[in-house]
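Next come the chains, spelled out residue by residue.
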Amino acid sequence: MKITIKEYCIRCGLCQDIYPELFKYNSTDDKIDVNYDEIPDNLTEKARSAAADCAVTAIFIKVMN
Amino acid sequence: MKQINTDVLIMGSGLAGLAAAVTAAEKGLKVAVFEKRPFQGGGISNTPMMTMAVKEDKEYIDKAFNIHMSYTNWNADAAVVKTWIVNSCRIPKYIKDLGLDFQAIVPTPLEEIGAKRGYCGGFPNGYNLGDYYFFKARGKGHGAALICKNAAEKLVKLGGEIYFNSPVKTLIKEEDKVTGAIAFDKEGTEIKINAKAVIIASGGFSDNPEFIKEYTGHTYTNNNCDDGGNVLFNTFPNSQMTGDGQTAVWQIGGAKGSMGINGHNLVPGPGIIGNTPWIVFNETRTMQEQPYLWVNKLGQRFINEEMSNDHMTMGTAITSQKDKCGYIVFDEETVRHMEQKGLDYIYHIFPAERLHNVRAQFEELINAKKNNHIFLADTLEELCEQTGIDYENMKVTVDNYNKYCDQKHDDEFGKNPAFLHPLKEKKFYAMRVFKGGYQAMGGIKINGKCEVMGEDFRPIKGLYSAGDCAAGEVFGNPPTGGIGISSISFSQGFASADEAYKYINSYWRNIK
């Protein structure tokens, strides 16, 4: 599973507040970094919740075969 | 240098800018929005969860208008206030037309306008003026952010354009009228925008410490008030609201409008809230809403604590005290009351009915989080040593307060006896509370047509303003609005687009 964040993300940092294992606000580049290239199995449920919780539908998950 | 030609140039893509943009585009105008950040939205996206709209009925409008004006001692601009109230009626339809809904609508009957305290809308003094609309959000997000996203998408569908990463820096004024602006793109290339009308909707100045110091008398803090600052903001980690619109308007002779900070009571420091005010790490925010004993640094009460859950009032009262802070103080018996019997004030944002293990929450904040604004002590004297509250005064205050509790009458401020809990049983708890800013606002003086006024109080042709940068005129001087300020942003957005449309049709019709 991979997480991508759309350009229109509003950098509110809510995802980092709720799911610090997955996201971190990057103040240098003013964007949200995803902590993993490939989401570990134990965090995939959290990744799905994060996509559902995002204020502006900016978090997308892609499941790899 | 690049060149862009448009009918209306809008500076800023927050609630006001996008409301103006969508309204103008629906009228068939060519619209270009310039936004300094890489995405749509403004201060709004991270603060209010609701808005206020007055019912479209002459009786309601007249009453809301007159009550609000009386509250400001008619110090606010009457025409600007009227424009806001009248146009607020359009908000619910605008949001519905963006494909969004409300999670709750709380109507205010005519007799309750100005008579019942409601949802901390901040007008006037916490009393209701209109109907409250709570935005329906996605997941744990904030509804206003979704409004901005949908509005931006709608604008593009209507043929409007949004230029991201493109700050507007200066306005172009030819003779008596504004005809465009100079902006820069991400690479730093200059863009000349030729426009028939310009609407400044660039927001407040919450990220500009110099403006805050100079124009509001507060001291900005980015270090949880541990650096001597006394106002902290509930904005994005990097919201970049630096008052660019105000600066550009003043440069071409625009008059300075009222400026102030619209804020609530907030315990600062690590472990309290996350990046967004929706996310709290404990129950501190709920505790600070409660109507128990509040004192200032001198150890004296300063307010009827029934007002504890009225954000604007508390924010303003706190900043009138020594070192611009206040303390809520309670004892172990009160903690048991909050944990077992339940809270006296249910906070509508975090609607817990009871608290859970307050002592452990305090200990965690003090020991693990190193929060310097949370205190726990065995005696009042020790609590005063820790907090810096004057002990001699505090002894007198607490003796008197305990007497009021026994006699069930607050001789000082007449607080509801149900909220009187004595301070007798250790441990003693205190939280230091500062003003938490929703936004630093105002600075652009407008009239009832949202036209920007020159220093001679005459409108500058072709230049309009809406939203936080122009909201100062709604509250008088100094302005202290409420979270319902989103109501002003929407309304002024609509009105500024209406007026720009009229101006373009009358003035520019015969000019090629």
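Calculation notes
Numbers given to residues run from 1 along each chain, matching the order in which its sequence is written. Here every chain gets a letter starting at A, and every ligand a number starting at 1, in the order they are written. This being a predicted model, a pLDDT of at least 70 is required before a residue's local features are given, and a value of 80 or more before pairs of side-chain atoms are given or counted; all residues contribute to the totals for chains, interfaces and linings. Secondary structure counts use DSSP, requiring at least four H or I residues in a row for a helix and at least two E residues in a row for a strand, with both numbered from the N terminus. This radius of gyration counts C-alpha atoms alone. The globule rule is 2.2 Å times how many residues there are, raised to the power 0.38. For the exposure call, what matters is how many other C-beta atoms sit within 10 Å of a residue's own: 20 or more marks it buried, 12 or fewer exposed, and in between partly exposed, using C-beta atoms placed from the backbone. We call two residues in contact when their backbone-placed C-beta atoms lie within 7 Å. Ten residues, namely Ala, Val, Leu, Ile, Met, Phe, Trp, Tyr, Cys and Pro, are considered nonpolar, four, namely Asp, Glu, Lys and Arg, are considered charged, and the remaining ones, Gly among them, are considered polar. Strand pairing is defined by DSSP finding a minimum of two bridges between the two strands. Each axis is a line fitted through C-alpha atoms, and for a helix only the stretch in contact is used; angles between axes span 0 to 180 degrees, taken between their N-to-C directions. The arc in question is traced by the directions running from the helix axis to the C-beta atoms. One number per residue, pLDDT, summarises how confident the predictor is, and it ranges from 0 to 100. Crossings are assigned a handedness: left-handed for a near helix turned anticlockwise from the far helix by less than a right angle, right-handed for a clockwise turn. Here roughly perpendicular refers to angles of 65 to 115 degrees, roughly parallel to angles under 35, roughly antiparallel to angles over 145, and oblique to all remaining angles.

(A) Quick peek at the overall build of chain B. Secondary structure assignment for chain B yields 15 helices and 17 strands. Its C-alpha radius of gyration of 24 Å places chain B within 12% of the 24 Å reference for a compact globule of 512 residues. C-alpha atoms of chain B, sized along the principal axes, occupy 80 × 50 × 45 Å. With 512 residues in all, chain B has 56% of them scored as buried. In chain B, once contacts between residues fewer than 6 apart in sequence are set aside, the share between residues at least 24 apart is 74%.

(B) Representation of the overall build of chain A in the model. Looking only at helices and strands, chain A features two helices and four strands. Element order for chain A, N to C, with α for helix and β for strand: β-α-β-β-α-β. Computed over C-alpha atoms, the radius of gyration of chain A comes to 11 Å, within 12% of the 11 Å expected from 2.2 N^0.38 for 65 residues, which places it in the range of a compact globule. Along the first, second and third principal axes, the C-alpha set of chain A runs to 30 × 20 × 20 Å. Counting every position in chain A, which comprises 65 residues, the buried fraction comes to 32%. A fraction of 56% describes how many contacts in chain A between residues 6 or more apart in sequence connect residues 24 or more apart.

(C) Looking closely at the interface of chain A and chain B. In this complex, chain A contributes 20 residues to the contact, which on the side of chain B involves 22 residues. Of all the secondary structure elements, the ones that give two or more residues to the side of chain A that touches chain B are helix 1 (14-18) and helix 2 (44-53) of chain A. At four residues, the largest contribution of residues to the side of chain A that touches chain B is made by helix 1 of chain A. A breakdown of the residues in the side of chain A that touches chain B according to their chemical character gives 11 nonpolar, four polar and five charged.

(D) Inspection of the sheet that holds strand 4 (residues 102-106) of chain B at higher detail. Residue and element names in this part refer to chain B. Here we have three strands laid out as an open sheet, ordered 3-5-4, and antiparallel in their pairing. In the strand order of this sheet, the two ends are held by strand 3 (50-53) and strand 4, each with one partner. Put simply, the sheet's adjacent strands are angled 20 degrees from each other on average, direction ignored. Relative to strand 5 (residues 131-135), strand 4 runs antiparallel, the two being bridged by four bridges. Each residue of the ladder has a partner; that of Phe-102, found in strand 5, is Phe-135.

(E) Quick look at unusual backbone geometry. Residues and elements named next belong to chain B. Note the cis peptide between Lys-426 and Lys-427, where omega equals 5 degrees. Tracing the chain through its elements places Lys-427 in the loop between helix 13 (391-407) and strand 15 (428-444). In this structure, Asn-73 takes a positive phi of about 55 degrees despite not being glycine. By the element assignment, Asn-73 lies in the loop between helix 2 (58-71) and helix 3 (78-88). A tally of 8 C-beta atoms within 10 Å means that Asn-73 is categorised as exposed. Its identity as a non-glycine residue notwithstanding, Asp-323 has a phi of 55 degrees, on the positive side.

(F) Focus on helix 10 (residues 332-341) of chain B. All names here are of chain B. Among the residues making up helix 10, those that are buried are Thr-334, Val-335 and Met-338. For helix 10, the arc enclosing every buried residue in end-on projection is 105 degrees, short of the 170-degree limit, so these residues lie on one face. In helix 10, the exposed residues that point more than 90 degrees away from the buried face are Glu-333, Gln-340 and Lys-341. Against the buried residues of helix 10 lie strand 13 (326-331), helix 11 (358-368) and strand 15.

(G) Region of the structure containing the confidence of the model for chain B. Scored by pLDDT, chain B has a mean of 92; 96% of the residues are at 70 or more. Predicted complex metrics record ipTM = 0.92 and pTM = 0.94.

(H) Highlighting the packing of helix 1 (residues 15-26) of chain B against helix 15 (residues 486-507) of chain B. Residues and elements named next belong to chain B. Axis separation between helix 1 and helix 15 bottoms out at 7 Å; the angle between their running directions is 35 degrees. Classified by chirality, the crossing of helix 15 by helix 1 is right-handed. Of helix 15, the residues touching helix 1 (which contributes Leu-15, Ala-16, Gly-17, Ala-19, Ala-20, Thr-23 and Ala-24) are Ser-486, Ser-489, Phe-490, Gln-492, Gly-493, Phe-494, Ser-496, Ala-497, Asp-498, Ala-500 and Tyr-501.

(I) Structural view of the packing of helix 12 (residues 380-387) of chain B against helix 13 of chain B. Residue and element names in this part refer to chain B. Axis separation between helix 12 and helix 13 bottoms out at 10 Å; the angle between their running directions is 135 degrees. When the interaxial angle is binned, helix 12 and helix 13 end up oblique. Classified by chirality, the crossing of helix 13 by helix 12 is right-handed. Together, Leu-380, Glu-381 and Cys-384 of helix 12 and Tyr-391, Met-394, Lys-395 and Val-398 of helix 13 make up the contact between the two elements.

(J) Region of interest: helix 3 of chain B. Buried within helix 3 of chain B are the following residues: Val80(B), Val81(B), Thr83(B), Trp84(B), Ile85(B), Asn87(B) and Ser88(B). Looking at the buried residues of helix 3 of chain B, the elements they touch are strand 3, helix 2, helix 4 (91-97), helix 14 (472-475) and helix 15 of chain B.

(K) Structural view of the environment of Ile488(B). Residues and elements named next belong to chain B. Positionally, Ile-488 belongs in helix 15. As for Ile-488 and Asn-393, which are separated by 95 residues in sequence, their C-alpha atoms are 43 Å apart. Apart from the residues lying within four places of it in its own chain, the contact partners of Ile-488 are Trp-84, Ala-471 and Val-474.

(L) Inspection of the pairing of strand 3 (residues 31-34) of chain A at higher detail. Residue and element names in this part refer to chain A. Bridge count between strand 2 (residues 23-26) and strand 3: four bridges; the pairing is antiparallel. Within the sheet, the bridge partner assigned to Phe-23 lies in strand 3 and is Val-34. Taking the residues that link successive antiparallel strands as the turn, the strand 2-strand 3 hairpin has four residues, and the phi of Asp-30 there is positive, at about 50 degrees.

(M) Spatial organisation of the environment of Ile61(B). Residues and elements named next belong to chain B. For Ile-61, the position within the fold is in helix 2. On the basis of neighbour counts, which here come to 18 C-beta atoms within 10 Å, the residue Ile-61 falls in the partly exposed class. For the pair Ile-61 and Leu-129, spaced 68 residues apart in sequence, the C-alpha to C-alpha distance is 9.0 Å.

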